[in-house]
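Working through the structure, step by step
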Amino acid sequence: QVQLVESGGGLVQPGGSLRLSCAASGSIFSIGDVGWYRQAPGKQRELVAAITSGGSTNYTDSVKGRFTISRDNAKNTVYLQLNRLKPEDTAVYYCNAIVRVTAWGHPYNYWGQGTQVTVSS
């Protein structure tokens, strides 16, 4: 069984920073692409940032230059550094990972439970 656990959310003032973590645990052979998504009240879930197994990254336009995604493969952890936060960044942030539990097995898609980020003065 594979679990993804997000942490690092909280309440921060506009212009502040947070660092989110997504830690994978369980029977893991390899982790492929990982994405951070967010969902604000009344809105659809959107992809914020993604990183491939090789470290290539991409971002949605609204966070480019403010958010940075990174990964530590030795720790099975992906991070999202959120800088210069704005009230419109308020949302529940989720991580999503493609995980293979054996070398020959089919990769599966896993979601974490989410962590709340609130940007408010």
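So, a few notes on the structure that sits alongside this text. What you see is a predicted model, and the numbers here were worked out from it, not measured in a lab.

How each quantity is defined
- Residues numbered from 1 in each chain as written.
- Predicted model: local features only at pLDDT ≥ 70, side-chain atom pairs only at ≥ 80, totals over all residues.
- Heavy atoms only, no water.
- Helix = DSSP H or I, 4+ residues; strand = E, 2+ residues; numbered from the N terminus.
- Contact = heavy atoms within 4.5 Å.
- Core = buried A, V, L, I, M, F, W, Y, C linked by side-chain atoms within 4.5 Å.
- Buried < 20%, exposed > 50% of the residue type's maximum accessible area, 1.4 Å probe, protein only.
- Lys, Arg positive; Asp, Glu negative; His and termini not counted.
- Salt bridge = Lys/Arg side-chain N within 4 Å of Asp/Glu carboxyl O.
- Polar contact = N/O pair within 3.5 Å; in protein donor to acceptor, adjacent residues only side chain to side chain.
- Disulfide = S-S within 2.5 Å.
- Pairing = 2+ DSSP bridges.
- Axes fitted to C-alpha atoms, helices over the stretch in contact; angles between N-to-C directions.

**Remarks on the environment of Arg 100**
Relative to the helices and strands, Arg 100 is located in strand β9 (residues 91-100). In sequence terms Arg 100 and Ile 28 are 72 residues apart; their C-alpha atoms lie 6.3 Å from each other. Not counting chain neighbours up to four residues away, the residues in contact with Arg 100 comprise Ile 28, Phe 29, Ser 30, Gly 105 and Pro 107.

**Topic: the nonpolar core**
Counting residues in each nonpolar core, the largest one holds 30 residues, and the members touching the most others are Trp 36, Phe 67, Leu 80, Leu 82 and Tyr 93. Take this core: its biggest share by element is five residues, from β9.

**Here we look at the side chain of Arg 71**
Take Arg 71: it is sitting in strand β7 (residues 67-72). Buried Arg 71, no salt bridge; nearest opposite-charge side chain is Asp 33, N-O distance 5.6 Å. Within polar-contact distance, the side chain of Arg 71 engages the backbone oxygen of Ile 31 at 3.0 Å. Of note is the side chain of Arg 71, whose polar atom sits 2.9 Å from the backbone oxygen of Gly 32.

**Notes on the state of the cysteines**
Enumeration over the complete set of coordinates arrives at one disulfide. Each sulfur of the disulfide joining Cys 22 and Cys 95 lies 2.0 Å from the other. For the disulfide bridge between Cys 22 and Cys 95, the dihedral angle about the S-S bond is near 60 degrees, and by the sign convention the bridge is right-handed. Of this pair, Cys 22 sits in strand β3 (residues 18-26) while Cys 95 sits in strand β9, and the two are 73 residues apart along the sequence.

**Structural notes on the side chain of Thr 115**
Inspection of the secondary structure puts Thr 115 in strand β11 (residues 115-119). Its relative accessible area of 10% is what places Thr 115 among the buried residues. At a separation of 3.2 Å, a polar atom in the side chain of Thr 115 contacts the main-chain amide nitrogen of Gly 9. Not counting chain neighbours up to four residues away, the residues in contact with Thr 115 comprise Glu 6, Ser 7, Gly 8, Gly 9, Leu 20, Ala 91, Val 92 and Tyr 93.

**Observations concerning the sheet that holds β7**
The strand order across the open sheet formed by four strands is β1-β3-β8-β7, and the pairing between neighbours is antiparallel. At either end of the open sheet lies a strand with only one pairing partner, and these are β1 (2-7) and β7. Sheet twist, expressed as the mean angle between neighbouring strand axes with direction ignored, is 15 degrees. Note that β1 and β3 share six bridges and pair antiparallel. Of the residues in β3, the one forming a bridge with Leu 4 is Ala 24.

**A short note on the pattern of salt bridges**
Enumeration according to the criterion identifies four salt bridges in this entry. Between Arg 38 and Glu 46 there is a salt bridge, with its nearest N and O atoms 2.7 Å apart. When its relative accessible area of 31% is taken as the criterion, Glu 46 is described as partly exposed. Note that Asp 61 and Lys 64 form a salt bridge whose closest N and O atoms lie 3.0 Å from each other.

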